[in-house]
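Here's the letter readout for the chains.
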Amino acid sequence: MNKEIEKKQNEGASAPTQHFIRQIIADDYKTNKWGGRVQTRFPPEPNGYLHIGHAKSICLNFGLAIENNGLTNLRFDDTNPEKESDEYVRSIIEDVKWLGFDWGDRLYYASDYFEQLYDFAVQLIKMGKAFVCDLSPQEIKDYRGTLTESGKESPYRYRPVEENLELFEQMRQGKFPEESHVLRAKIDMASPNLNMRDPVIYRIKYAQHHRTGDKWCIYPMYDYTHCLSDSIERITHSICTLEFEDHRPLYDWVLEELDVFHSQQIEFARLNLTYTVMSKRKLLELVESKVVNGWNDPRMPTISGLRRRGFTPAAIRNFSELVGVSKKESVVDYALLEYCIREDLNKTAQRAMAVLNPLKIVITNYPDDLEEELDAINNPENLEAGSRKIPFSKEIYIEKDDFMENPPKRFYRLAPGREVRLRYAYFITCNEVIKDENGEIIELRCTYDPASRGGASPDGRRVMGTIHWVSARHSKKVELRLYDHLFLKEDPYDFPEGGDVLDNLNPNSLVKIAAFVEPSLMKAKPTERFQFERVGYFCADEYDSNEGQPVFNRTATLRDSWAKIAGKS
RNA sequence: UGGGAUGUGGCCAAGCGGUAAGGCACCGCCCUUUGGAGGCGGCAUUCGCAGGUUCGAAUCCUGCCAUCCCAGCCA
């Protein structure tokens, strides 16, 4: 009974769905494991742009902290100078901020801890838990053994502590070339977990680090750095993806041996989306091969790409919550992301009219030189958004698709002899179809009912449908970029032997067209979002729009139930 | 053939021994000056499979099957 009541209350409050990490935190609260404290971190490596998968992690980490009055740190995991750069740092900071999260003054870099990490390494050496190994990379690999056979111990494994100390110091001083020496943890070469077979924890790299420059020539490895960084920051719940599950014993080993604050690593399944690839390597490839126009191309699943496409932070946050958190590897339907952006934009985007594929109509009984200003509601979902004036005149454009000479049963747009409503304007009836010498319909002759001004039905008569339009004389021409999935297949990795995801590229993922739009749209500011009625959601491109001459990106189409009906017959 | 994980409707996902939440998608109907939005209804006799324990199992036990991850001086 109590359970039922609790359930009902949760439903009423539309409580977020329970998941195992929330459960762990709730349990920790009960056992007072962390003294009631929750502190998470988002730890990107600055070696690429963030994508929607990272967004899920960001929302999870920051969200969990917010829910529990905790804190979240932003920490760059910058231990591999060869791949990292400041450009990536800046883009990541911008993206996390844009998503709406705040890390206060807790912006950290693993590289901030290099000195402490070095000291911890010295400590491990002194404890006899780490040693300098002179084996070459190939030898280390050979000594590691295989999945089914245990490895062999390095001949340097039992080097005296003093010698290790001296060698490690010399490594730091740049006395050795790259690949000549590494520092290894001394754990167990027979472990069935390869990560525990005396893992390398420091390697020599003569590379410029984006923050420390050439101060260091030895760099700590991820496994050694991450756990200690979490510990230093007193992270309670260190959330990462499934592939690190095998690394947890090493994470725990380092913290236990050093006897320091022991954060808990928790793994969840990364996000996958249909019709898209999520690996940084593949995304980099798309950028470098110019398949797309940069990391922020609106077809990219990057946060900057989605932003440019017109997605909102709220939609992405909602999406992150709706997909759930579990340990099951899954692929989320892109339709859910579309649902989230439509739901948000439906409530917030101003409406406007745009004709993408124009068909001219001459309203024969409308005065030649009359021009009217008709009232149009800016957002039926939010009347406070007010209204605007739209010019009307004798010649207008409607969508080619909104007319059919021989309409099928359930088509209730314009057809010979039929009457439709021009949104916010008049009822018109089609009297004549004009074709060119090829039989192509090039113009329609219609009459209008002056009594239907504004679109109201003067005598209560019903019209089949309402269509959008623009005044030919007043409309403006703008560039529209119609985006579609970058890949043709739900699973871009579904290709025959020897193939590649690039074989599954959608050749029509970007179609640029010129459209006729109502004049008010010329004032659109970069990044401003609109719903072009009956067409879709569009966003003025942040980079290619010019003052008074916007370029629009299609964020998503509107749901199109006519397409479904038409598709069935 | 080693180790680690995961299997609940088309896609996600709750469920924690008392008789299958919710969302997306889909299908009806209603409503509508966006075939948008909204409203209402439908959509797993069954939880990878097979046994077992129990009055009772998606939940516990045993076995099997499938899928994913691991042999970077990447993270």
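Predicted, not measured: the structure shown is a model, and the values here were computed from it.

Focus on the sheet that holds strand β25 (residues 551-557)
Strand order in the open sheet formed by seven strands is β10-β23-β24-β25-β21-β22-β11, and the pairing between neighbours is mixed. Edge strands, defined here as strands with exactly one partner in the open sheet, are β10 (350-352) and β11 (354-355). Relative to strand β22 (residues 510-517), strand β21 (residues 476-483) runs antiparallel, the two sharing eight bridges. Bridging across to β22, E479 finds its partner in A514. Where helix α13 (residues 334-348) meets the sheet, it contacts β10, β23 (529-532), β24 (536-540) and β25, and its direction lies at approximately 120 degrees from that of β25.

Here we look at the protein's contact with RNA strand B
In the region of RNA strand B, 72 residues are neighbours, and E329, R351, R423, G454 and S561 sit closest. Within 4 Å of the protein, the contacting atoms of RNA strand B are 66% sugar and phosphate, with bases supplying the remainder. L147 is positioned such that a nitrogen or oxygen atom in its backbone is 3.0 Å from a base nitrogen of RNA strand B. A distance of 2.3 Å separates a sugar or linking oxygen of RNA strand B from a polar side-chain atom of E329.

Digging into the sheet that holds strand β7 (residues 218-220)
Sheet strands pair via backbone hydrogen bonds, and the direction of the pair is either parallel or antiparallel. Here we have four strands laid out as an open sheet, ordered β4-β5-β6-β7, and antiparallel in their pairing. Edge positions in the sheet fall to β4 (130-133) and β7, since each of these pairs with one other strand and no more. Within the sheet, the average angular offset between the axes of one strand and its neighbour, ignoring direction, is 20 degrees. In the sheet, strand β5 (residues 182-185) pairs with strand β6 (residues 200-204) via three bridges, with the strands oriented antiparallel. Looking at the pairing, L183 lines up with Y202 of β6.

Digging into the environment of P137
Assignment of secondary structure puts P137 in helix α6 (residues 137-143). With 217 residues separating them along the chain, P137 and A354 place their C-alpha atoms 62 Å apart.

Quick notes on the domain arrangement of chain A
When the domains of chain A are assigned, the result is domain 1 (37-273), domain 2 (280-350 + 478-565) and domain 3 (356-468). The distance between the C-alpha centroids of domain 2 and domain 3 comes to 30 Å. Residue-level contacts link 19 residues of domain 2 with 22 residues of domain 3. A buried area of about 1,700 Å², summed over both sides, lies between domain 2 and domain 3, and 55% of it is on carbon and sulfur atoms. Counting the surface domain 2 buries against domain 3, the share from its top three residues, E533, R534 and W562, is 38%. Scanning the region where domain 2 abuts domain 3 turns up three salt bridges. In this structure, R423 engages E533 in a salt bridge whose closest nitrogen and oxygen atoms are separated by 2.2 Å.

Quick look at the nonpolar core
Ranked by size, the top nonpolar core spans 38 residues in total, and within it I52, I58, V96, L99, L273, I316 and F319 carry the most contacts. Breaking this core down by element, the ones donating at least two residues are α3 (52-67), β2 (71-76), α4 (86-98), α11 (303-309), α12 (313-322) and α13. The residue makeup of this core includes at least three contributed by each of domain 1 (37-273) and domain 2 (280-350 + 478-565). When near neighbours in sequence (up to four residues on either side) are disregarded, I58 contacts F42, L50, G63, V96, L99, F101 and I303.

Some details on the packing of helix α8 (residues 222-232) against helix α9 (residues 248-258)
At a minimum axis separation of 9 Å, α8 and α9 run at an interaxial angle of 60 degrees. Comparing the axis directions of α8 and α9 gives the class oblique. With respect to the hand of their crossing, α8 and α9 are arranged in right-handed fashion. Here D223, Y224, H226, C227, L228, D230 and S231 of α8 lie close against α9, whose contacting residues are L250, Y251, V254, L255 and L258. Among the residues making up the contact of α8 with α9, the classes are represented as eight nonpolar, two polar and two charged.

What counts and how
- Residues numbered from 1 in each chain as written.
- Chains lettered and ligands numbered in written order.
- Predicted model: local features only at pLDDT ≥ 70, side-chain atom pairs only at ≥ 80, totals over all residues.
- Heavy atoms only, no water.
- Pairing = 2+ DSSP bridges.
- Helix = DSSP H or I, 4+ residues; strand = E, 2+ residues; numbered from the N terminus.
- Contact = heavy atoms within 4.5 Å.
- Axes fitted to C-alpha atoms, helices over the stretch in contact; angles between N-to-C directions.
- Near = heavy atom within 4 Å.
- Polar contact = N/O pair within 3.5 Å; in protein donor to acceptor, adjacent residues only side chain to side chain.
- Domains from an automatic or database assignment.
- Buried area = accessible area lost by both parts, 1.4 Å probe.
- Salt bridge = Lys/Arg side-chain N within 4 Å of Asp/Glu carboxyl O.
- Core = buried A, V, L, I, M, F, W, Y, C linked by side-chain atoms within 4.5 Å.
- Buried < 20%, exposed > 50% of the residue type's maximum accessible area, 1.4 Å probe, protein only.
- Parallel < 35°, antiparallel > 145°, perpendicular 65-115°, else oblique.
- Left-handed = near helix turned anticlockwise from the far one by under 90°.
- Nonpolar A, V, L, I, M, F, W, Y, C, P; charged D, E, K, R; others polar.

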